[in-house]
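Observations on the three-dimensional arrangement
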Amino acid sequence: MKEVKTGKIAVNREYKSTMFCMIFRDREKLLELYNAVNGSSYSDSESLEVVTLENAIYMIMKNDMAFLVDMHLNLYEHQSTFNPNMPLRDLLYVAREYQKLVYNTTVYTSVLLKIPTPRFIVFYNGREIRPGKEVLRLSDAYFCREDDPDLELKVTVLNINEGNNRELLEQCRTLKEYMQYVTCVRRYHTVSGMELEEAVDKAVTECIENGILSDFLRRNRAEAMSISIFEYNEAEEMEKIRKVEYSVGEADGFRRGIQQGIQAVITCLLEAGLSEQVIVEKLSKNFELTEEEAEACLKNTGKGEAAGSL
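These numbers come from a predicted model, not from an experiment.

Remarks on a nonpolar patch on the surface
Taken together, Val-107, Tyr-108 and Leu-113 make up a surface patch of nonpolar side chains, about 360 Å² in accessible area. The topology assignment puts Val-107 in the loop between helix H3 (86-101) and strand E6 (117-124). For Val-107, a relative accessible area of 56% puts it in the exposed group.

Concerning the pattern of salt bridges
Per the stated rule, a full pass over the model turns up 11 salt bridges. Here Glu-223 ties to Arg-25 by a salt bridge, and the two come within 3.9 Å at their closest N and O atoms. Here Glu-223, found in helix H8 (residues 221-271), pairs with Arg-25, found in the loop between helix H1 (19-24) and helix H2 (27-38); they are 198 residues apart in sequence, far enough to count as distant. Residue Glu-223 is classed as partly exposed on the basis of its relative accessible area, which comes to 31%. Since its relative accessible area comes to 43%, Arg-25 is described here as partly exposed. Here Glu-134 ties to Arg-130 by a salt bridge, and the two come within 2.9 Å at their closest N and O atoms. Accessibility expressed as a relative area gives 13% for Glu-134, which makes it buried. On the accessibility criterion, Arg-130 (22% relative accessible area) is partly exposed. Each of the salt bridges in this network shares a partner with another, and the network as a whole consists of Glu-128, Arg-130 and Glu-134.

Brief notes about the packing of helix H5 (residues 173-191) against helix H6 (residues 196-209)
Running from amino to carboxyl end, H5 crosses H6 at an angle of 135 degrees, the nearest separation of the two axes being 8 Å. When the axis of H5 is compared with that of H6, the two are oblique. Between H5 and H6 lies a crossing whose hand is right-handed. Seen from H5, the contacting residues are Tyr-181, Cys-184, Val-185, Arg-187, Tyr-188 and His-189; seen from H6, they are Leu-196, Ala-199, Val-200, Lys-202, Ala-203, Val-204, Glu-206 and Cys-207. Grouping the constituent residues of the contact of H5 with H6 by class yields 10 nonpolar, 1 polar and 3 charged.

Some remarks on the layout of surface pockets
Approximately 320 Å³ is the volume attributed to the second largest pocket. Every residue lining the second largest pocket is counted, 15 residues in all, and those nearest its centre are Lys-29, Leu-213, Asp-215, Phe-216 and Arg-219. When residues of the lining of the second largest pocket are traced back to their parent elements, those giving at least two are H1, H5 and helix H7 (214-219). Counting residues per element, the lining of the second largest pocket draws most heavily on H7, which supplies 4 residues.

Looking at the nonpolar core
Membership of the largest hydrophobic core comes to 48 residues, with the highest contact counts inside it found for Phe-123, Leu-175, Tyr-178, Tyr-181 and Leu-217. In terms of residue count, the dominant contributor to this core is H5 (8 residues). Ranked by size, the runner-up nonpolar core spans 18 residues in total, among them Ala-56, Val-122, Leu-136 and Leu-138.

Structural notes on the confidence of the model for the chain
Looking at the chain, the pLDDT average stands at 82 and 81% of residues meet or exceed 70. Counting interchain partners and residues more than four positions distant, the pLDDT-below-50 stretch residues 1-16 has 37 contacts. A low-confidence stretch, residues 64-69 (pLDDT under 50), is modelled with 6 contacts involving residues beyond four sequence positions or located in other chains.

Some words on the packing of aromatic side chains
This model, assessed by the stated rule, comprises 7 aromatic pairs. Members of the aromatic cluster, joined through ring pairs, are Phe-20, Phe-24, Tyr-76, Phe-123 and Tyr-178. In this structure, Arg-130 packs its charged tip against the face of Phe-82, placed 3.6 Å from the ring centre. Just above the ring of Tyr-188 sits the side chain of Arg-187; from NZ or CZ to the centre is 5.0 Å.

Digging into a negative patch on the surface
On the surface, Glu-276, Glu-281, Glu-291, Glu-292, Glu-293 and Glu-295 cluster together to form a negatively charged patch. Elements represented by at least two residues in the negative patch include exactly helix H9 (276-287) and helix H10 (291-300). Examining the composition of the negative patch, we find that 4 residues originate from one element, H10, more than from any other. Within the secondary structure layout, Glu-291 lies in helix H10. Residue class for Glu-291 comes out partly exposed when judged on its relative accessible area of 49%.

Side note on unusual backbone geometry
Unusually for a residue other than glycine, Asn-104 sits at a positive phi of about 70 degrees. Inspection of the secondary structure puts Asn-104 in the loop between H3 and E6. Taking the relative accessible area as the measure of exposure, Asn-104 reaches 71% and is therefore exposed.

Rules and cut-offs
Residues numbered from 1 in each chain as written. Predicted model: local features only at pLDDT ≥ 70, side-chain atom pairs only at ≥ 80, totals over all residues. Heavy atoms only, no water. Patch = residues over 30% accessible without salt bridge, like charges linked within 9 Å, V, L, I, M, F, W, Y side chains within 5 Å. Areas by Shrake-Rupley, 256 points an atom, 1.4 Å probe, with all protein chains shown as cover. Salt bridge = Lys/Arg side-chain N within 4 Å of Asp/Glu carboxyl O. Helix = DSSP H or I, 4+ residues; strand = E, 2+ residues; numbered from the N terminus. Buried < 20%, exposed > 50% of the residue type's maximum accessible area, 1.4 Å probe, protein only. Axes fitted to C-alpha atoms, helices over the stretch in contact; angles between N-to-C directions. Parallel < 35°, antiparallel > 145°, perpendicular 65-115°, else oblique. Left-handed = near helix turned anticlockwise from the far one by under 90°. Contact = heavy atoms within 4.5 Å. Nonpolar A, V, L, I, M, F, W, Y, C, P; charged D, E, K, R; others polar. 1 Å grid on protein atoms, 1.4 Å probe; cavity = no way out; pocket = protein on both sides within 12 Å on 5 of 7 lines; lining within 4 Å. Points joined across faces, edges and corners; volume = space filled by probe spheres on them. Core = buried A, V, L, I, M, F, W, Y, C linked by side-chain atoms within 4.5 Å. pLDDT = per-residue confidence, 0-100. Phe/Tyr/Trp six-rings, centres within 6.5 Å; stacked < 30°, edge-to-face > 60°. Lys NZ or Arg CZ within 6 Å of the ring centre and 35° of its normal. Lys, Arg positive; Asp, Glu negative; His and termini not counted. Charge placed at Lys NZ, Arg CZ, Asp CG, Glu CD.

Take a look at the structure:
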């Protein structure tokens, strides 16, 4: 297993979990979050059937009433980098889950097969400014937009950064303390300019002293620090990648614009009856191209021979 040394902490680069999943793998904490999101008041944490996935928690919530199951398939995910492709990701995931649920059962029966009702929630706490609540739809990715698509999947994104969804954070103390911890790390690293490992170590100490996730951080200090460092580095790398992608896209768009402009000029000159030699000279002068580049542009129009005959 690959590890990267960062001073005192060995960061496991293959560890795919997050602090969010680490905290909420505790059934009591997860039930607290479930109740806050759904406005419910369940008290039996054993009613949760939980599976922790990469960066996500999948669960089925059972009713307090004996033998009756409230069949909702909930997928909670935390993100520190906004991802518009969540509906597609969740579609692929939930299809696999439904396939497991109907394993050894024929879907060709005349009896209607009942399946859990899905709910998809993302808790966002990245540094990019996002709305307090937004709904991502699978249909947003369709080439052909329709008012009533045959296939739709909605993901609710809740911004849990400071100043957003206050009621939710007040109803779920653990989620609020998690964000206080994240804010503390950012304050030391981004604002104060500390090295990341030092910022995380200082944030953990401060939170323990102030009763913020104190029990969790005392029990899991080393692992929590390792995951926090990995998460923060990963988020920063994603931001860098997105900036590079944007720059490349912007440059590519600029090049395309220049190319389209040159093609338009060539078309006009051809229609004006100018010779190939004159067109090459004008392209070289006005677009600062070499003679070879101008000839290539003219050739790419597919009208080079026509120009020579004019």
